[in-house]
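# Topology and contacts: notes
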Amino acid sequence: TEDDLPKEGEPTGLEDLKPRILFKYPEKKLPFEEVERFCFPNGMEVKSILKTKSMSALNSILYGTLARVEDAEMSFTFLLNTGEDIFYGVCVHHNEFLTSVPQFVSKERSATNKSVEETHFPKGRRKAFAANRCYCFLSRFPFFESHFNVIYGILAAERYTKVVCGDILSTPLVGPNRTTSERILDSYYTVKIPPAGESVQFNLPGELPCTCYLPPEKEEGLLCDWCIPILLKCMKLDDILILLSALLLEVQVIFTGSSAGVISGGVMAAIPLLKPLVWQGPLLPLLPRELQEFLYAPVPLITGIRSIPEDLRRDSNIDDYLIINLDTGSVRMPRVKPPLLPMQAKLRQQLLYYYNAINKEGGPLFPLKNRTKTTDKDKQSARRFIDILRLYKAGILHHIAGYKSGRDADKGKVAGGG
């Protein structure tokens, strides 16, 4: 009976549904197995949608605005390391019905006279199911803004088709025809990576024209432009210096928060923070639920999760971690507190101007979604922030090398009887 149906948003009985890849471009073997885990680090959440006279819930999913997919909750990044190459994942979640697929996935589906209502509520059913579908790019290059914009362009093309032609399932697309989304992928895949110091501007094909841009920065600069402003918008400057001290000592670090985009950006900020040094342990911007045993591994680890698992809260291992909540900016110290950095007061003073240029409030900026919206001024300030840290670390390393050389010379004198 209708009373037995779950209310909208209640458990559906599909909680154990596993994600699977529906479409790959180009059609070749991926460099990693089970990429799906990183596209859905918290698993899939299937929600029931009840049929109403107005069909408002259905129409909202089919034809609703795409503004929300650009929020940090729906757009995020991850990183995978083969041991030889690093691949950057760029993911956008979009709420869609399980009974439909994007037109480029099923373009050979024959035309049908079914209405939208019959498609999603067949045989008089009063309930349909919807879940986030992940649109993901895997790339050797962290052109995050460009990758996101191309995915947003694909989603806009899919929505345009629905609005103009009705539900995709009733759109005849047969033979060698290329859908707009496939033409976008063709166009983007053929764009040449610009040499260092040069940029490329290109237009995406389709009914909704869009211009994209590959900036001239190298990999390190691209990471800095994307990740450092996020970190500075989430944390106090003094806490960022604590984080740097912890990273230099290979303390295990967990970032938590409610937004996948903010968490992943915060974790990957560790890479430019440490340069020219390189983190030697696992760095997992979003730890999949199935891999949470990594939290108990006796190795240096930097990772991000929505919340600390209850098992770890009760485990003594939690005292080995520096835990940073990116929603509130709060920091939980490990058992052994990271020491102050050498000449920390002077370093802080040098960084303060560029920190304030990005975060005038000195703490987490709200709303959360604004923390991944980066301006050119933010990028410039982030680069100067990292430049100062790079010079600081170079000075420290030079001092250590000089001290070691002096010690070795003294040992030589003693051994030679001088």
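Please read these numbers as outputs of a predicted model, since none were measured by experiment.

## Looking at the packing of aromatic side chains
Counted according to the given criterion, the structure contains 12 aromatic pairs. A ring pair is formed by F23 and F104, whose centres lie 4.8 Å apart and whose planes are at 70°; its orientation type is edge-to-face. One end of the pair, F23, is in the segment before α1 (35-39); the other, F104, is in the loop between β3 (86-97) and α3 (116-120), and 81 residues separate them in sequence. The exposure class assigned to F23 is partly exposed, which follows from its relative accessible area of 28%.

## Side note on the sheet that holds strand β11 (residues 331-332)
The strand order β8-β9-β7-β10-β11 describes an open sheet built from 5 strands, whose pairing is mixed. If you trace the sheet from one side to the other, it starts and ends with β8 (283-284) and β11, each paired once. Summarising the sheet, β8 and strand β9 (residues 302-305) pair through 2 bridges and their orientation is parallel. Its bridge partner lying in β9, L284 is registered against T303. Each of β7 (252-256), β9, β10 (321-325) and β11 touches helix α7 (residues 237-248); the most contacted strand, β10, lies at about 150° to it. In this fold helix α8 (residues 260-268) packs onto β7, β8 and β9, with an angle of close to 175° to the strand it touches most, β9.

## Section: the nonpolar core
Counting residues in each nonpolar core, the largest one holds 104 residues, and the members touching the most others are L243, F255 and F385. Here this core gets 10 residues from one element, more than from any other, and that element is helix α6 (residues 219-234). In contact with F385, not counting residues within four places along its chain, are I228, L232, L237, I240, L351, Y354 and Y355. With 7 residues, the next largest nonpolar core counts I61, L62, F97 and A130 among its residues.

## Comments concerning the sheet that holds β3
Ordered by their spatial adjacency, 4 strands build an open sheet running β1-β4-β3-β2, and the pairing between neighbours is antiparallel. Because the sheet does not close on itself, it has two edges, and the strands there are β1 (47-50) and β2 (75-81). Neighbour-to-neighbour, the strand axes of the sheet open up by a mean angle of 35°, direction not taken into account. Alignment of β3 against strand β4 (residues 127-139), held across 10 bridges, turns out to be antiparallel. Across the sheet, F97 pairs through a bridge with A130, a residue of β4.

## Considering the pattern of salt bridges
For the structure shown, the criterion picks out 21 salt bridges. Residue R383 is joined to E217 by a salt bridge in which the shortest nitrogen-to-oxygen separation is 3.3 Å. Of the two residues, R383 sits in helix α12 (residues 376-416) while E217 sits in the loop between β6 (210-214) and α6, which places them 166 residues apart along the sequence. When the shortest N-O distance is used, the salt bridge between D319 and R332 registers 3.2 Å. With D319 in the loop between α10 (310-313) and β10 and R332 in strand β11, this pair connects stretches of sequence that are 13 residues apart. For D319, a relative accessible area of 26% corresponds to the partly exposed category. Taking relative accessible area as the criterion, R332 reaches 36% and is therefore assigned partly exposed. Three or more residues joined by partner-sharing salt bridges are found here, namely E220, R384, D387 and R390.

## Thoughts on the side chain of Q252
Within the secondary structure, Q252 is located in strand β7. A polar contact of 3.1 Å, which involves the side chain of Q252, links it to the backbone oxygen of A297. Polar side-chain contacts of Q252 include one of 2.8 Å to the backbone oxygen of V299. Ignoring any residue separated from it by four or fewer positions in sequence, one finds Q252 in contact with A297, V299, P300, L301, D320, Y321 and L322.

## Some thoughts on the packing of helix α4 (residues 144-165) against helix α5 (residues 180-189)
Running from N to C, α4 and α5 cross one another at 160°; their axes reach a closest spacing of 8 Å. Taken together, the axis directions place α4 and α5 in an arrangement best described as roughly antiparallel. The handedness of the crossing between α4 and α5 is right-handed. Where α4 abuts α5, its residues S146, H147, V150, G153, I154, A157 and E158 lie against T180, S181, I184, L185 and Y188. Split into classes, the residues belonging to the contact of α4 with α5 amount to 6 nonpolar, 5 polar and 1 charged.

## A look at the pairing of β2
The buried count for β2 comes to 6 of 7 residues, which makes it a mostly enclosed element. One ladder, built from 7 bridges, connects β2 with β3; its direction is antiparallel. Paired with N81 across the two strands is I86, which belongs to β3. In textbook terms, the turn of a hairpin is the stretch between consecutive antiparallel strands, and for β2 and β3 this stretch comprises 4 residues, one of which, G83, has a positive phi near 100°.

## Notes on unusual backbone geometry
The residue after Y25, namely P26, is reached through a cis peptide bond having omega -10°. Residue position: P26 is located in the segment before α1. A cis amide bond links K275 to the next residue, P276, at an omega of 10°. You can see P276 is positioned in the loop between α9 (270-274) and β8. With a phi close to 60°, E250 is a non-glycine residue in the positive phi region. Tracing the chain through its elements places E250 in the loop between α7 and β7. Of the residues examined, E250 reaches a relative accessible area of 40% and is grouped as partly exposed. Of note, the phi angle at M343 is positive, near 55°, even though the residue is not glycine. For M343, the position within the fold is in the loop between β11 and α11 (344-358).

About the criteria used
- Residues numbered from 1 in each chain as written.
- Predicted model: local features only at pLDDT ≥ 70, side-chain atom pairs only at ≥ 80, totals over all residues.
- Heavy atoms only, no water.
- Phe/Tyr/Trp six-rings, centres within 6.5 Å; stacked < 30°, edge-to-face > 60°.
- Helix = DSSP H or I, 4+ residues; strand = E, 2+ residues; numbered from the N terminus.
- Buried < 20%, exposed > 50% of the residue type's maximum accessible area, 1.4 Å probe, protein only.
- Pairing = 2+ DSSP bridges.
- Contact = heavy atoms within 4.5 Å.
- Axes fitted to C-alpha atoms, helices over the stretch in contact; angles between N-to-C directions.
- Core = buried A, V, L, I, M, F, W, Y, C linked by side-chain atoms within 4.5 Å.
- Salt bridge = Lys/Arg side-chain N within 4 Å of Asp/Glu carboxyl O.
- Polar contact = N/O pair within 3.5 Å; in protein donor to acceptor, adjacent residues only side chain to side chain.
- Parallel < 35°, antiparallel > 145°, perpendicular 65-115°, else oblique.
- Left-handed = near helix turned anticlockwise from the far one by under 90°.
- Nonpolar A, V, L, I, M, F, W, Y, C, P; charged D, E, K, R; others polar.

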